[in-house]
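Survey of secondary and tertiary structure
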Amino acid sequence: MQVRMLLVLACSLAVACGGGESGSRQPARPVTPLDLSTTGTIEVDVGFQGAVPPMQELRMGGFAECAAQHTGPVPAGDMLVKDGHVENAFVYIKSGLGDRVFAVPTEPVVIDQKGCQYVPRVAGAQVGQPIEFHNSDATLHNIHGTPKDSGAWNFALPRQGTVRTITVDHPEVMISVRCDLHPWMQGWLGVLDHPYFGVSGPDGHVTLRNVPPGDYVVGVWHERFGTRDTPVSVAPKGTSRANVSLAPPS
Ligand SMILES: [Cu+2]
């Protein structure tokens, strides 16, 4: 533990421990105009078939600074299924957008560390969009992202209220984000070069808005239940629906 903490602190003091620069980074090519008079909507429901895995509890007992923030059992959050709906599924357009170029939002995606958990556990961002990591806990966390296609990042947020902003250079579904001090702390970040993605809430639902008419493959990713691809066609001003069913891990 002490060695780990020293490594984390050393990284927090270093200038270059990975991650991108602060502030949004717009695409190099001109943004493709989007005709909002013809765009449509994709409604996706992520359901579940099979026996629902029992809820696992996080064991924070060895870390008083974390356990003290919770009064009851803390669900692990990696397999949240209720009434046949899957929470924390990442839903996105996987293909079909061609060579369209999309503006990058300047508003940041915020991922907090609260109660020694990532909140939200699953998040999405565009390439070049600011991603703010916050620490709402009165304890040290580090944020260790390990993308395969972009530079890794690893830095500490040692105090309550500290924030650090990164950007990610290349699309990737998904990037693992972990804290090296608290082994159960797992987050996931999906990065795309377009804005058509979302994370399912307790109702298993995701709405993708302002989608150009066309034929697409919609991808669904879940950290325990795997991935599914489903074709979806969007007519001008149309609304298309897709029901995707996930299953217990084999
Ligand atoms: Cu931590």
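Worth saying up front: this structure is predicted, and the values here are computed from it rather than measured.

Definitions and limits used
Residues numbered from 1 in each chain as written. Predicted model: local features only at pLDDT ≥ 70, side-chain atom pairs only at ≥ 80, totals over all residues. Heavy atoms only, no water. Core = buried A, V, L, I, M, F, W, Y, C linked by side-chain atoms within 4.5 Å. Buried < 20%, exposed > 50% of the residue type's maximum accessible area, 1.4 Å probe, protein only. Helix = DSSP H or I, 4+ residues; strand = E, 2+ residues; numbered from the N terminus. Donors = N, O, S within 2.8 Å, 3.2 Å for Na, K, Ca; no water. Disulfide = S-S within 2.5 Å. Phe/Tyr/Trp six-rings, centres within 6.5 Å; stacked < 30°, edge-to-face > 60°. Lys NZ or Arg CZ within 6 Å of the ring centre and 35° of its normal. Pairing = 2+ DSSP bridges. Axes fitted to C-alpha atoms, helices over the stretch in contact; angles between N-to-C directions. Salt bridge = Lys/Arg side-chain N within 4 Å of Asp/Glu carboxyl O.

Re the nonpolar core
- Among the nonpolar cores identified, the biggest contains 31 residues, and F133, W153 and L189 are the most heavily contacted of them.
- Looking at this core, the elements that each hand over two or more residues are β5 (109-114), β7 (122-126), β8 (131-134), β10 (153-157), β12 (172-178) and β13 (186-192).
- In terms of residues, this core owes the most to one element, β10, which gives 4 residues.
- Counting 25 residues, the second-largest nonpolar core is a separate cluster that includes V44, I93, V218 and L246.

Looking at the coordination of the copper ion
- Taken together, the protein ligands of the copper ion are H141 (ND1), C179 (SG) and H182 (ND1), with distances of 2.0 to 2.2 Å.
- For the copper ion, all donor residues lie on one chain, and their spacing in sequence is H-x37-C-x2-H. Taken together, the residues H141 in strand β9 (residues 141-145) and H182 in the loop between β12 and β13 connect sequence positions 41 residues apart. An identical accessibility class is assigned to H141 and H182; each is buried.

A few points about the state of the cysteines
- Under the criterion given, the structure shown has 1 disulfide.
- Paired through a disulfide, C66 and C116 show a sulfur-sulfur distance of 2.0 Å. Of note, the bridge from C66 to C116 carries an S-S torsion of about -75° and is left-handed in sense. Here the residue C66 occupies a position in helix α2 (residues 64-67), and C116 occupies one in the loop between β5 and β6 (117-119), the gap between them amounting to 50 residues.
- Since its relative accessible area comes to 0%, C116 is described here as buried.

Side note on the packing of aromatic side chains
- The tally for this structure, following the rule as stated, stands at 8 aromatic pairs.
- With a centroid separation of 5.3 Å and 80° between ring planes, the pair formed by F63 and W184 is classed as edge-to-face. Here F63, found in the loop between β1 (40-48) and α2, pairs with W184, found in the loop between β12 and β13; they are 121 residues apart in sequence, far enough to count as distant. For the pair formed by F63 and W184, the shared burial category is buried.
- Of the aromatic side chains, those joined through ring pairs into one cluster are F90, Y92 and F197.
- Stacked on the ring of F155, the Lys or Arg R164 has its end atom at 4.4 Å from the ring centre.

Points about the pairing of β7
- With respect to burial, β7 is a largely interior element, 5 of its 5 residues being buried.
- Covered by surrounding structure in β7 are V122, G124 and Q126 together with A123 and A125, the residues of both alternating faces.
- In this structure, β7 lies alongside β13, joined through 5 bridges in parallel fashion. For A123, the partnering residue across the bridge sits in β13 and is L189.

Focus on the sheet that holds β8
- Taken in spatial order, the 4 strands of this open sheet run β6-β5-β8-β11, and their pairing is mixed. The open sheet has two edge strands, β6 and β11 (163-166), and neither has a second partner. Strand after strand, the sheet turns through a mean of 20° between neighbouring axes, direction not considered.
- Sheet topology places β5 next to β6; 3 bridges connect them, and they run antiparallel. Within β6, the position partnered with Q113 by the bridge is Y118.

Quick notes on the environment of A156
- Looking at the element boundaries, A156 is found in strand β10.
- Relative accessible area serves as the criterion here: at 7%, A156 is assigned to the buried category.

Regarding the pattern of salt bridges
- For the structure on display, the rule yields 4 salt bridges.
- Ionic pairing is found between D169 and R25, a salt bridge with its closest N-O pair at 3.1 Å. Within this pair, whereas D169 is found in the loop between β11 and β12, its partner R25 is found in the loop between α1 (2-13) and β1, the two being separated by 144 residues in sequence.
- Residue D169 is classed as partly exposed on the basis of its relative accessible area of 38%.
- Note that D229 and K94 form a salt bridge whose closest N and O atoms lie 2.8 Å from each other. Note that D229 is positioned in strand β17 (residues 226-234) and K94 in strand β4 (residues 90-95), a separation of 135 residues in sequence.
- Note on K94: relative accessible area 46%, which makes it partly exposed.

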